[in-house]
Amino acid sequence: MKIYNSLTRNKSLLQQKAVTIYSCGPTVYNYIHIGNARPAILMDVLVRFLKSKNITVDYLQNITDIDDKIIAKAIEENKTEKEISKFYTKAYLDDLKSLNIFMPNKLEPISKHIDKMIIFINDLIEQGYAYNVDGDVYFAINKWKPEYGELSGRKPEELISGERVEIDLKKKNPLDFSLWKKTNVGKTWNSPFGEGRPGWHTECALLIEDYFNGKTIDIHSGGIDLKFPHHENERIQYLAHNQKELSCIWMHNGHLNLNDQKMSKSIGNVFLVKDFIKEYNANILRWIFLSTNYKQPLNLTDDLIEQAKKFFDKLENLRKKVILSKTIFERIEKSNIKNYVKDFEQAMDNDLNTSLVLSIIEELIKHINQLVNQKVHFDCIFTLFGQLKHILETLGFTDLLNVEIKEADEIKLKKWNQLILDKKFEQADVLRAKLEKKGLM
Ligand SMILES: Nc1ncnc2c1ncn2[C@@H]1O[C@H](COP(=O)(O)OP(=O)(O)OP(=O)(O)O)[C@@H](O)[C@H]1O
Ligand SMILES: [Zn+2]
């Protein structure tokens, strides 16, 4: 398949039989909002699709359980940092589960890796790529002039003016970034550089190096806001430490917006995942994300939620029709029938073209409805219905299209059909009402 690569600004080919993936995880000081769910659902869809093609996936994600925001929250709530991070890590896992997201193969809390991060930072100093100023350690980007900025597609000079980088007299270059922060506030560690904490950008670089044995991974993903400086800084450290690229492909998802403004904890315009699940459900959120190209911004509107609901109403109606046709229509030989799964795979192979996939699904639903209305071809219906189920499951939708019913209910459906054929409409209506209550009609 082809995936758009932010590093090359082109689509890259992904054709391995085993794929390694890393995705930047949450800082656990709060519940996640549905904007944070966008990268998680995107990766889930990709992983499910790869697995459906018998490709092995090794997927790593970090949990940032050491951070200034966690310290602030602990002070605010009069709790320990550990209590805060433990509580919100569990909340994050619960949210992933309720969104029907496959767990990564490994979810690593960064607090378990501080010793290795200290060694990593010390190595960079010894390699001459980092420097210690009075207990604060910075990465020196001067030695990586052509490479630094390649991911965000901008030259260092443009980055300085464009990103309003803070001028800090301790740094040799305004773009040099912190690897070790000297501090005695909150949880700290001793190191050859003094007391303090490692920086966020080193977390991901170290974890990837450690888990994937210093290899270049296939895909690194995250929201577009992480491209600079976070991913740029991850990449350059890895390049310096290992003399090789961190990842072949860098995938970035666009933002989920509310009234055209990024959904963000700092702005406060958030819709928490747990609240969304209570009010709607996981399938609706997934459909909303699939409706737009993952690289594009997506504005959440009531209209979009309505469209999603309509889609699932359509599926529910189809499910009932298929139960009926399965029970009462005669079976005929399988005839040549279109393979929608092939179209689905082609669209997915082209950089996860999920909006095209949704229109293929609509076409498939229409096709099944037509056959149901013709009241005969159950084998064709069954084949197409199987294709539809496969596609929806591969996309990670859940609890849909169950057409397995009890024998007693099957007898009732047949009886209803016979009453109709016998023109005993009043009796048929009474039975129909009962079947409707059971969700069978
Ligand atoms: N509105 C959004 N739409 C899409 N992705 C988002 C959005 N907000 C955050 N993300 C992504 O969610 C992931 C987790 O990010 P993180 O925990 O840093 O959230 P955050 O940036 O702190 O959230 P906030 O901006 O609300 O403070 C990252 O990949 C980030 O890019
Ligand atoms: Zn990261």
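About the criteria used
Residues numbered from 1 in each chain as written. Chains lettered and ligands numbered in written order. Predicted model: local features only at pLDDT ≥ 70, side-chain atom pairs only at ≥ 80, totals over all residues. Heavy atoms only, no water. Helix = DSSP H or I, 4+ residues; strand = E, 2+ residues; numbered from the N terminus. Buried < 20%, exposed > 50% of the residue type's maximum accessible area, 1.4 Å probe, protein only. Contact = heavy atoms within 4.5 Å. Phe/Tyr/Trp six-rings, centres within 6.5 Å; stacked < 30°, edge-to-face > 60°. Lys NZ or Arg CZ within 6 Å of the ring centre and 35° of its normal. Pairing = 2+ DSSP bridges. Axes fitted to C-alpha atoms, helices over the stretch in contact; angles between N-to-C directions. Expected span 1.5 Å × (residues − 1). Arc of directions from axis to C-beta. Donors = N, O, S within 2.8 Å, 3.2 Å for Na, K, Ca; no water. Patch = residues over 30% accessible without salt bridge, like charges linked within 9 Å, V, L, I, M, F, W, Y side chains within 5 Å. Areas by Shrake-Rupley, 256 points an atom, 1.4 Å probe, with all protein chains shown as cover. Salt bridge = Lys/Arg side-chain N within 4 Å of Asp/Glu carboxyl O. Lys, Arg positive; Asp, Glu negative; His and termini not counted. Charge placed at Lys NZ, Arg CZ, Asp CG, Glu CD. Right-handed = clockwise from strand over helix to strand, strands pointing away. Near = heavy atom within 4 Å. Polar contact = N/O pair within 3.5 Å; in protein donor to acceptor, adjacent residues only side chain to side chain.

Looking at this structure, how should I read the overall build of the chain?
From N to C terminus, the chain includes 15 helices and 14 strands. Principal-axis analysis of the C-alpha atoms gives the chain an extent of 95 × 50 × 35 Å. Of all 441 residues assigned to the chain, the portion counted as buried reaches 52%. Long-range pairs, those at least 24 residues apart, make up 75% of the contacts in the chain with a sequence separation of at least 6.

Looking at this structure, I do not really get the packing of aromatic side chains. What am I missing?
For any pair of aromatic rings, geometry is given as the distance between the ring centres together with the angle between the planes. Under the criterion given, the structure shown has 15 aromatic pairs. Ring centres 6.1 Å apart and planes at 35 degrees place the aromatic pair W287 and F311 in the tilted group. You can see W287 sitting in helix 9 (residues 282–290) and its partner F311 sitting in helix 10 (residues 302–328), a full 24 residues away along the chain. Grouping residues by exposure puts W287 and F311 together as buried. Ring plane angle 65 degrees and centroid distance 5.6 Å describe the contact between F312 and F397, whose orientation is recorded as edge-to-face. In this pair, F312 sits in helix 10 while F397 sits in the loop between helix 13 (378–394) and helix 14 (407–421), placing the two residues 85 residues apart along the sequence. For the pair F312 and F397, one class covers both residues: buried. Among the aromatic residues, those joined into a cluster by ring pairs are W287, F311, F312 and F397. Taking the ring centre of Y131 as reference, the NZ or CZ of K172 above it sits at 4.2 Å.

I'm lost on the sheet that holds strand 6 (residues 130–133) in this one. Help?
Note on sheets: strands pair through backbone hydrogen bonds, and any given pair is parallel or antiparallel. The 4 strands are arranged 6-7-8-9 in an open sheet whose pairing can be described as antiparallel. Two strands bound the open sheet, and with one partner strand each, they are strand 6 and strand 9 (196–198). Along the sheet, successive strands turn relative to each other by an average axial angle of 20 degrees, direction set aside. Relative to strand 9, strand 8 (residues 177–182) runs antiparallel, the two sharing 3 bridges.

Sorry if this is basic, but what is going on with helix 14 here?
Within an α-helix, residues lying three or four positions from one another point in the same direction, as the helix has 3.6 residues per turn. When the terminal C-alpha atoms of helix 14 are compared, their 21 Å separation across 15 residues agrees well with the 21 Å that a helix rising 1.5 Å per residue should span. Listed in full, the buried residues belonging to helix 14 are D409, L413, W416, N417 and L419. With its buried residues spanning 160 degrees around the axis, helix 14 presents them on a single face. In helix 14, those exposed residues whose orientation departs by more than 90 degrees from the buried face are E407, I411, K415 and L421. Packing partners of the buried residues in helix 14 comprise helix 10 and helix 15 (425–437). Positive backbone phi, at 60 degrees, marks K423, one or two positions downstream of helix 14.

Can you walk me through the coordination of the zinc ion (ligand 2) in this structure?
By definition of the ideal shapes, four donors in a tetrahedron about a metal sit 109.5 degrees apart, and six donors in an octahedron sit 90 or 180 degrees apart. Bound to the zinc ion (ligand 2) on the protein side are C24 (SG), C204 (SG), H230 (NE2) and E234 (OE), at distances that span 2.1 to 2.2 Å. Of note, the zinc ion (ligand 2) draws all its donor residues from one chain, in the sequence arrangement C-x179-C-x25-H-x3-E. With C204 in helix 6 (residues 200–211) and H230 in helix 7 (residues 227–242), this residue pair connects regions lying 26 residues apart in the sequence.

It is not clear to me how a positive patch on the surface should be interpreted in this structure. Could you clarify?
Side chains of K406, K412, K415 and K434 sit close together on the surface and give a patch of like positive charge. Its place among the elements puts K412 in helix 14.

So what exactly am I meant to see when it comes to the pairing of strand 4 (residues 56–63) here?
The side chains of a regular strand alternate between both faces of the sheet. Most of strand 4 is tucked away, with 6 of its 8 residues classed as buried. Bridge analysis of strand 3 (residues 18–23) against strand 4 gives 6 bridges, and the strand direction is parallel. Its bridge partner lying in strand 4, S23 is registered against Q61. Read from strand 3 through helix 1 (residues 34–52) to strand 4, the crossover connection turns out right-handed. Bridge count for strand 4 against strand 5 (residues 106–109) is 4 bridges, and the pairing is parallel. The residue of strand 5 that forms the bridge with L60 is K106.

Where do I start with the side chain of S23 in this structure?
Counting through the fold element by element, S23 comes out in strand 3. Those residues in contact with S23 that lie beyond four places of it in its chain are M43, Y59, L60, Q61, N62 and S221.

Would you explain the site of ligand 1 in this entry?
Around ligand 1, a shell composed of 20 residues is seen, among which D225, L256, K262, M263 and K265 lie nearest. At 3.2 Å, a side-chain N or O of N36 approaches an oxygen atom of ligand 1. Burial of ligand 1 by the protein chains amounts to 92% of its free accessible area of 590 Å². Contributing elements (two or more residues each) for the shell around ligand 1: helix 1 and strand 10 (217–223). A per-element tally of the shell around ligand 1 places helix 1 first, with 3 residues.

Would you mind showing me how to read unusual backbone geometry here?
Peptide bonds are mostly trans, and most non-glycine residues show a negative phi. P229 follows F228 through a cis peptide bond whose omega is 0 degrees. Within the secondary structure layout, P229 lies in helix 7. A positive phi angle is found at N100, which is not glycine, with a value near 60 degrees. Mapping N100 onto the fold places it in the loop between helix 3 (81–98) and strand 5. Here Q243, not a glycine, exhibits a phi torsion of approximately 55 degrees, which is positive. For Q243, the location among the structural elements is in the loop between helix 7 and strand 11 (247–253). Judged by relative accessible area, which is 52%, Q243 ranks as exposed.

Teacher, can you tell me more about the environment of P146 here?
Inspection of the secondary structure assignment puts P146 in the loop between strand 7 (136–139) and helix 5 (156–162). A C-alpha to C-alpha distance of 26 Å links P146 and K295, two positions 149 residues apart in sequence.

Fair warning: the whole summary comes from geometry, so function is off the table for now.
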